[in-house]
Amino acid sequence: MFSNRLPPHAEINPLTRARSALETAGVAIADLTESNPTAVGITYPDDLLGMLGADHARRYAPQPLGLDVARAAVASDYARRGAHVDPQQIVLSASSSEAYSWLFKLLCDPGDAVLVPQPSYPLFEHLTRLESVESIPYHLVYHGRWEIDFLSLTAAPANVRAALLVSPNNPTGSFVTKEEADRLAEICRARGWAIVADEVFADYAIDVKNPRTECVMGLDVLSFTLGGASKSLGLPQIKLGWMVVGGPEPERSRALAALEVIADTFLSVGTPVQGAAPSLLARGGSVRDPIRHRIAGNLARARSLSAGYPACTLLPVEGGWSLVVRVPAYRSEEALTLELLEREHVLVHPGYFFDFPHEAYIVVSLLPPPDQFVDAFARTLRFASTPSSSLSEHKR
Ligand SMILES: Cc1ncc(COP(=O)(O)O)c(C=O)c1O
């Protein structure tokens, strides 16, 4: 009855099923996958969202690419990070997920493909599939940090239209370096591919000197740099995303004109949020700074706890909201995460959820409240460091 483009329903995931069963039985779960900043006890200024109800919200005067006042506010926010962006290059959407769907409509016909980093954000599979676009992985390899495996990228077939990159990447936290961005742009120019650069976590650099944000918009290749309020402002509920269209003319203007047609078909960004954008972006630090503080604190706590569990290795975090932990492969990632949930009532993501190249990794969010994080992460490290045989003996 329904389209076969629909991705499988989340309920078939064994972890989701086990979690629902436990919660139905009244068990409290310590959720180390929580990535919603509004659900982790961060204090938001009381009046932050007040501007959403201001006078500007009363009159509907749609502009497909976004209201001038909001596009100018996004350009000013790039200036905060040291990037010069012309507001005319900016397109507003309801989220970066929606921006992806617009870009796949813009760049691909059904059956065309885009190159997607692996490991990375699992929603790419859904976003491409829903647009009848194939996602072809290229690999990130770990040599003390995660780097692009250019061999896997250049092996791409002829139906590729764009290469996606995520900087810093979710969940590996790795930034794309200048050398990598330049090399990628060279390949894209030669092959006629566009670059889609997802920089939604660019404001959350952690252990990296001079993080490379805005890594492709100044290069000589058609590019789309994505950002949004859900991460940059810690406000996923206001539904505001943006993209900066970069690259040489006339491709850039042609892309903007075509995006205007797509955006005009949906007109999905609400007037209240666009009118409030200047105030929300100007006050972005009021939420961003507590989130940064939370992440840095939890990362320090995780490092200190891990000293007691040498079998588990915390991978470096250059940016973002996640921490990757390499754990002993005493059992599969699936068995480990399910047992951890059922016995310790702690939920973490298995590495395979993000397509890590091999087992065994787990991924935890650095957002949860510190006391919950410390308790649940300590239990996770202890459990992951214990061979399954010792656990069953212990049970007997
Ligand atoms: C790398 C990455 N890109 C995009 C998104 C989606 O962001 P938005 O809320 O703007 O759709 C996420 C959400 O977690 C993400 O991790």
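Residues numbered from 1 in each chain as written. Predicted model: local features only at pLDDT ≥ 70, side-chain atom pairs only at ≥ 80, totals over all residues. Heavy atoms only, no water.

Is there a simple way to think about the sheet that holds strand β2 (residues 90–93) in this case?
Picture the strands of a sheet paired through backbone hydrogen bonds; they go either parallel or antiparallel. Judged by pairing direction, the sheet is mixed, and its eight strands sit side by side in the order β2-β9-β8-β7-β6-β3-β4-β5 without closing on themselves. Each edge of the open sheet carries a strand with a single partner, namely β2 and β5 (146–148). Put simply, the sheet's adjacent strands are angled 25° from each other on average, direction ignored. Where strand β8 (residues 223–228) and strand β9 (residues 241–246) come together, six bridges link them in antiparallel fashion. For phenylalanine 224, the partnering residue across the bridge sits in β9 and is valine 245. On the sheet, helix α6 (residues 178–191) packs against β5, β6 (160–166) and β7 (194–198) and is oriented at approximately 150° with respect to β7. (Pairing = 2+ DSSP bridges. Helix = DSSP H or I, 4+ residues; strand = E, 2+ residues; numbered from the N terminus. Axes fitted to C-alpha atoms, helices over the stretch in contact; angles between N-to-C directions. Contact = heavy atoms within 4.5 Å.)

For this particular structure, what's the right way to read the domain arrangement of the protein?
Much of the literature gives interface size as the accessible area that the parts lose upon coming together. Here the protein is partitioned into domain 1 (10–43 + 286–387) and domain 2 (50–282). Once you take the C-alpha centre of each, domain 1 and domain 2 turn out to be 27 Å apart. Tallying the contact residues gives 25 residues for domain 1 and 30 residues for domain 2. Sorting the residues of domain 1 by area buried against domain 2 places Arg288, Glu318 and Trp321 first, and these three jointly supply 32% of that buried surface. Taken together, domain 1 and domain 2 are joined by one salt bridge. Between glutamate 318 and arginine 145 there is a salt bridge, with its nearest N and O atoms 2.8 Å apart. Viewed at the interface, domain 2 and domain 1 are joined by nine residue pairs in polar contact (both at pLDDT 80 or more). (Domains from an automatic or database assignment. Buried area = accessible area lost by both parts, 1.4 Å probe. Salt bridge = Lys/Arg side-chain N within 4 Å of Asp/Glu carboxyl O. Polar contact = N/O pair within 3.5 Å; in protein donor to acceptor, adjacent residues only side chain to side chain.)

Explain the site of the ligand here, please?
Surveying the vicinity of the ligand reveals the residues Ser95, Ser96, Ser97, Tyr121, Val166, Asn170, Asp198, Val200, Phe201, Ser230 and Lys231. Between the ligand and the protein, one listed contact pairs a nitrogen atom with a side-chain N or O atom of aspartate 198 at 2.6 Å. Separating an oxygen atom of the ligand from a side-chain N or O atom of serine 230 is a distance of 2.8 Å. Mapped by element, the contributors of at least two residues to the shell around the ligand are α3 (96–107) and α7 (229–232). (Near = heavy atom within 4 Å.)

Just checking my understanding: could you explain α6 for this structure?
With 14 residues, α6 extends 20 Å from end C-alpha to end C-alpha; this agrees with the ideal 20 Å at 1.5 Å per step. Buried within α6 are the following residues: Glu180, Ala181, Leu184, Ala185, Ile187 and Cys188. Down the axis of α6, the buried side of the element spans an arc of 165°, and every buried residue falls inside it. Exposed residues lying more than 90 degrees from the buried face of α6 are Glu179, Glu186 and Ala190. Contacts from the buried residues of α6 go to β5, α5 (150–154), β6 and β7. In the stretch just after α6, glycine 192 is the one whose phi turns positive, near 75°. (Expected span 1.5 Å × (residues − 1). Buried < 20%, exposed > 50% of the residue type's maximum accessible area, 1.4 Å probe, protein only. Arc of directions from axis to C-beta.)

Would you take a moment to explain a nonpolar patch on the surface for this structure?
Together, Met1, Phe2, Leu6 and Leu130 line one region of the surface with nonpolar side chains, adding up to about 530 Å² of accessible area. Taking the relative accessible area as the measure of exposure, leucine 6 reaches 45% and is therefore partly exposed. (Patch = residues over 30% accessible without salt bridge, like charges linked within 9 Å, V, L, I, M, F, W, Y side chains within 5 Å. Areas by Shrake-Rupley, 256 points an atom, 1.4 Å probe, with all protein chains shown as cover.)

Sorry if this is basic, but what is going on with the side chain of asparagine 298 here?
Take asparagine 298: it is sitting in helix α10 (residues 285–306). Among the polar contacts listed, one links the side chain of asparagine 298 to the backbone oxygen of proline 368, at a separation of 2.8 Å.

Can you help me understand the packing of α3 against helix α8 (residues 251–266) in this one?
For any two helices packed against each other, the geometry is given by the interaxial angle and the distance between the axes. In the contact formed by α3 and α8, the axes pass within 10 Å of each other and the chain directions differ by 125°. Classed by the angle they form, the pair α3 and α8 counts as oblique. In the crossing of α3 with α8, the sense of the turn from one axis to the other is right-handed. Seen from α3, the contacting residues are Trp102, Leu103, Lys105 and Leu106; seen from α8, they are Ala255, Ala258, Leu259, Ile262, Ala263 and Phe266. A per-class count over the contact of α3 with α8 returns nine nonpolar, no polar and one charged. (Parallel < 35°, antiparallel > 145°, perpendicular 65-115°, else oblique. Left-handed = near helix turned anticlockwise from the far one by under 90°. Nonpolar A, V, L, I, M, F, W, Y, C, P; charged D, E, K, R; others polar.)

What am I meant to see in the packing of aromatic side chains here?
Counting across every chain of the model gives ten aromatic pairs. Between the aromatic rings of tyrosine 100 and phenylalanine 104, the centroid separation amounts to 6.0 Å while the plane-to-plane angle is 35°, which identifies the pairing as tilted. A residue pair is termed a helical-turn pair when its members lie 3 or 4 positions apart in one helix, as tyrosine 100 and phenylalanine 104 do in helix α3 at four residues. Grouping residues by exposure puts tyrosine 100 and phenylalanine 104 together as buried. Ring geometry for tyrosine 100 and phenylalanine 124: centres 5.2 Å apart, planes at 75°, overall edge-to-face. Here the residue tyrosine 100 occupies a position in helix α3, and phenylalanine 124 occupies one in helix α4 (residues 123–129), the gap between them amounting to 24 residues. Judged by relative accessible area, which is 2%, tyrosine 100 ranks as buried. Among the aromatic residues, those joined into a cluster by ring pairs are Tyr100, Phe104, Tyr121 and Phe124. Cation over ring: arginine 183 sits above phenylalanine 150, and NZ or CZ is 4.2 Å from the ring centre. (Phe/Tyr/Trp six-rings, centres within 6.5 Å; stacked < 30°, edge-to-face > 60°. Lys NZ or Arg CZ within 6 Å of the ring centre and 35° of its normal.)

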